[in-house]
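# Commentary on secondary and tertiary structure
As a plain string of letters, each chain reads:
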Amino acid sequence: MSKNLVIVESPAKAKTIGKFLGSDYQVMSSMGHIRDLKDKEISIDFANNYKPVYIVTPDKKKIVAELKKASADADIVWLASDEDREGEAIAWHLADELKLKSDKTKRIVFHEITKNAILRAVETPRTINYNLVDAQQARRVLDRIVGFELSPVLWRKVKPSLSAGRVQSVTVRLVVEREREINRFVSESNYRVTAIFNGVDAAGKQVTLKAELQHKFATKQEAQQFLESAKNATFTIDNIEKKPAKKSPAPPFTTSTLQQEASRKLGYSVASTMRIAQSLYESGKITYMRTDSVNLSDLALGAAKAEITVFAGANYVHTRKFNTQSKGAQEAHEAIRPTYLNEHSIDGTPQEKKLYELIWKRTIASQMADCQLEKTLIHINISNNKYEFIAMGEVILFDGFLKVYLESTDDETEDEKEGILPTMKKGEQLIYSEIDAQQRFTIKPPRYSEASLVRKLEELGIGRPSTYAPTISTVQARGYVEKDDRPAEKREYNLLQLKANKISDQTKTENTGAEKSKLFPTDIGIVVNDFLIANFPDIMNYNFTAEIEKDFDNIAEGNELWYKSIDTFYKGFHPAVEKAVSIKTEHRVGERVLGTDPKSGKQLSVKIGRFGPVAQIGTADDEEKPLFAALKKEQSIESITLEQAIELFKLPRALGKYEDKEMSVGTGRFGPYVKHDGKFYSLGKDLDPMAVSDEQAIRIIETKRETEKNRIISTLGENGEIQVLNGRFGAYIAFDSKNYKIIPKTTDPQSLTLEQCREIIAQQPDAGTKKKKFIPRKSAGSKK
């Protein structure tokens, strides 16, 4: 029996910590929060200062029983959950539920899982910080109230089964407003003028020089007039400027900057980044990954200096202490960094290796010297014009931190990289080779990526490091926002070119507007957003949401009582809920009347239906039932026209016969399909249901049948109860509604006998059981 029991949140963390403590310590995992509010009840005692009513969740009862037994046998219980508010709440729930005595309970915290950090924490224990517990509890209670009171309003007014959340709702608002900003945007064009000049450098060598006119022309006529004047102009180097410049490295990673950079450089979603980072932290590879601090400890600064000196040299060292700028920084007290800076790489999954390398490079670069540059500007005078050309060049004199790392940005620019310019003389005359006036267009606001949305949330003070990833995942899971790609579109542009004293006028095409992994609001997201803004302006106000976060910070610092903060909020919020429920409207929320159907003379409208956006001919008050048609994926109830909606009712469309059975093509909840003999066959993305032919429909049916036929490798048993099937990830055994891996992998699926299948099934008693992937619940139990 161990004298000491250490309780952490995850098995991986327990395993790592267990290596550093001796046999007197038993390390166990609580698997995240052991208690939460009830799923189907609000579980808040409004009459007793909004006291939350917690229960041990069903999936944690066995764990709690094991922890109770182990804690009863131990002399001291060490609560070693994470050092943020969620971690503090987990420690309090454990102490309360396990009935731990204060004289035998110690709270320890650390921001890295190394032997020194763990032993230091054991030497300096503290008690549970109830201010942090109250701050977490206030967030949980407030979010539960908002969710449980707002969601039923949405069920009545918009659509059943919808849900709303405080931070999630303003996040959706950001995406909706950006989409509308894009829809309102009207692109304007101008003419950008560039030139290629021939001349002689200081050494007498023939060189070319590319320069840009420091003026853009608003119209084609102005650009043509300039090119006409350039025919007879002389071009002379009027001035040469050389000035030093420098670039400085970015600070070490915080939670939000890691999510942003991992998205830009590695293509990871914010949820994936946090999952991988948590794995790295729990295995002792990096420091705590939920932080808004850019500070590095003195120990880390010393290690970085030593490491840089070894691989780059002392002249590359520049020790820096960064200051945290984030609103209400309150999580861990150090930036995200490798625990051992002399480890340039690690063992692990490919994703873990890439993220670790990114963190290592960013940390090391932050302590390296500036990059020293020399910028050169050559001013070229035009004899008969007030404007001038400028050639710009840049040369790196000392690479500094660029030897290791350069931060990426979300900005999409068309600027070309500045190169090295030839050494020229002032007064040198140049001869133009060609001068181009190219039509360029103003760029519409970019849609949010997950990374840029995190940056915006942080900028507005909405949410905290532990909430960014779950918030963005939740709004997508609820169907309010979707992440999608958009292909580039062809666009024509005008090019005027002066060459050999002749001006040519050309129309060219270019690809523009391609988008990858950008966030788009769905119709249901737009409708819910508009309803909430109209009825709950405070909840949807960015500043109000940020002020709530400040209230939580004040509670964490002991400057405010949590239940008084909740009381102030609720007395303003609840009346707004009652008012919203009582309001009666002529049309369903989100319904848009487009006009009259020419065929029936009835009203044609679009709205949110049970399975998504639909067009509707007629109303519920008509004698005949209304007709419905699902909108296409690319259509929106905000922008669809009457003509486009009428087209939707041309489906289902009758085709010919196949195998003496009628075929038809239509569209449904999962997209367009061919229907034959009571079965449905997906058309896929490439075929237009209005244009699909009989031959194409037959080919789709036959292809699907062939696929299904090839799916079955063999059927075994007296009643055919065991099947060997082809699946997406290879062959497997299906039995009793469960799937079993074929082991070993080298086994030929086609040669499996009934006895071999039974042996494989017996070796996997838990196959087909839906296992919950362990992720510590950093929002103390998401809303149902």
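Because the structure is a prediction, the values reported are computed rather than measured.

### Digging into the overall build of the protein chain
Per the secondary structure count, the protein chain includes 19 helices and 30 strands. Judged by the C-alpha coordinates and their principal axes, the protein chain covers about 95 × 80 × 70 Å. Within the protein chain, counting contacts between residues at least 6 apart in sequence, those at least 24 apart form 71% of the total. Surface exposure of the protein chain reaches about 40500 Å², of which carbon and sulfur atoms provide 49%.

### Points about the pattern of salt bridges
Scanning the model with the defined rule gives 48 salt bridges in all. Glu 624 is the salt-bridge partner of Lys 602, the closest N and O atoms lying 3.1 Å from each other. One end of the pair, Lys 602, is in the loop between β19 (592-596) and β20 (603-609); the other, Glu 624, is in the loop between β21 (612-617) and β22 (627-630), with 22 residues separating them in the sequence. Its relative accessible area of 22% is what places Lys 602 among the partly exposed residues. Of the residues examined, Glu 624 reaches a relative accessible area of 54% and is grouped as exposed. The shortest N-O distance in the salt bridge between Asp 677 and Lys 661 comes to 3.3 Å. Here Lys 661 lies in strand β24 (residues 661-668) and Asp 677 lies in the loop between β25 (671-676) and β26 (679-682), a separation of 16 residues in the sequence. The exposure class of Asp 677 is partly exposed, given its relative accessible area of 48%. Several salt bridges share partner residues, and in doing so they unite Arg 35, Lys 68, Asp 96 and Glu 97 into one network.

### Looking at the packing of helix α6 (residues 166-184) against helix α14 (residues 523-535)
At their nearest, the axes of α6 and α14 sit 9 Å apart, and the two run at 110° to each other. Here α14 runs roughly perpendicular to α6, going by the angle between their axes. Here α6 and α14 pass one another in a crossing that is left-handed. Within the contact between the two elements, α6 uses Ser 169, Val 172, Arg 173, Val 176 and Arg 180 and α14 uses Gly 525, Ile 526, Asn 529, Asp 530, Leu 532 and Ile 533. By residue class, the composition of the contact of α6 with α14 is 5 nonpolar, 3 polar and 3 charged.

### Looking at the sheet that holds strand β29 (residues 730-735)
As summarised here, the arrangement of the 4 strands in space is β27-β28-β29-β30, forming an open sheet in which the pairing is antiparallel. Each of the sheet's edge strands pairs with one partner strand only, and the pair in question is β27 (712-716) and β30 (738-741). Each adjacent strand pair in this sheet contributes to an overall mean axis angle of 30°, direction not counted. Note: β29 against β30, 4 bridges, orientation antiparallel. Of the residues in β30, the one forming a bridge with Ile 733 is Tyr 740. Packed on one face of the sheet, helix α18 (residues 694-711) meets β27, β28 (722-727) and β29 and runs near 50° to β27. Across the sheet, helix α19 (residues 754-763) touches β27, β28, β29 and β30, and the angle it forms with β28 is around 75°.

### Observations concerning unusual backbone geometry
With the exception of glycine, the majority of residues adopt a negative phi angle, and the majority of peptide bonds are in the trans configuration. With an omega of -10°, the peptide bond between Ile 743 and Pro 744 qualifies as cis. For Pro 744, the location among the structural elements is in the loop between β30 and α19. You will see that Asp 660, though not glycine, has its phi angle at about 60°, which is positive. Its place among the elements puts Asp 660 in the loop between β23 (653-658) and β24.

### Here's the deal with empty space enclosed by the protein
Applying the stated criterion to the full structure yields 2 cavities of 30 Å³ or more. Lining the second largest cavity, in full, are Ser 163, Ala 164, Gln 168, Ser 169, Val 172, Arg 478, Tyr 480, Gly 525, Val 528, Asn 529, Leu 532 and Met 540. Those elements that provide at least two residues to the lining of the second largest cavity are α6 and α14. Top contributing element to the lining of the second largest cavity by residue count: α14, with 4 residues. Here the lining of the second largest cavity is built from residues that sort into 6 nonpolar, 5 polar and 1 charged.

### Concerning the sheet that holds β20
Spatially, β19-β20-β21-β22 is the arrangement adopted by the 4 strands of the open sheet, whose pairing is antiparallel. Edge strands, defined here as strands with exactly one partner in the open sheet, are β19 and β22. In this sheet, adjacent strand axes meet at a mean angle of 25° when their direction is disregarded. Looking at chain direction, β19 and β20 are connected through 4 bridges and run antiparallel. In the strand pairing of β20, Arg 592 is matched with Val 606.

### Section: helix α1 (residues 11-20)
Three or more residues of α1 are buried, namely Lys 13, Ala 14, Thr 16 and Ile 17. The arc that holds the buried residues of α1, viewed along the axis, is 170°, so those residues lie on one side. Along α1, exposed side chains directed more than 90 degrees from the buried face belong to Lys 15 and Lys 19. Looking at the buried residues of α1, the elements they touch are β1 (4-8), β2 (25-29), α4 (115-123) and α9 (270-282).

### Looking at the environment of Ser 169
Tracing the sequence through the fold places Ser 169 in helix α6. We classify Ser 169 as buried; its relative accessible area is 7%. Between the C-alpha atoms of Ser 169 and Val 475, which are 306 residues apart in sequence, the distance is 8.1 Å.

Basis of the calculations
- Residues numbered from 1 in each chain as written.
- Predicted model: local features only at pLDDT ≥ 70, side-chain atom pairs only at ≥ 80, totals over all residues.
- Heavy atoms only, no water.
- Helix = DSSP H or I, 4+ residues; strand = E, 2+ residues; numbered from the N terminus.
- Contact = heavy atoms within 4.5 Å.
- Areas by Shrake-Rupley, 256 points an atom, 1.4 Å probe, with all protein chains shown as cover.
- Salt bridge = Lys/Arg side-chain N within 4 Å of Asp/Glu carboxyl O.
- Buried < 20%, exposed > 50% of the residue type's maximum accessible area, 1.4 Å probe, protein only.
- Axes fitted to C-alpha atoms, helices over the stretch in contact; angles between N-to-C directions.
- Parallel < 35°, antiparallel > 145°, perpendicular 65-115°, else oblique.
- Left-handed = near helix turned anticlockwise from the far one by under 90°.
- Nonpolar A, V, L, I, M, F, W, Y, C, P; charged D, E, K, R; others polar.
- Pairing = 2+ DSSP bridges.
- 1 Å grid on protein atoms, 1.4 Å probe; cavity = no way out; pocket = protein on both sides within 12 Å on 5 of 7 lines; lining within 4 Å.
- Points joined across faces, edges and corners; volume = space filled by probe spheres on them.
- Arc of directions from axis to C-beta.

Purely geometric stuff here, so don't read any function into it on its own.
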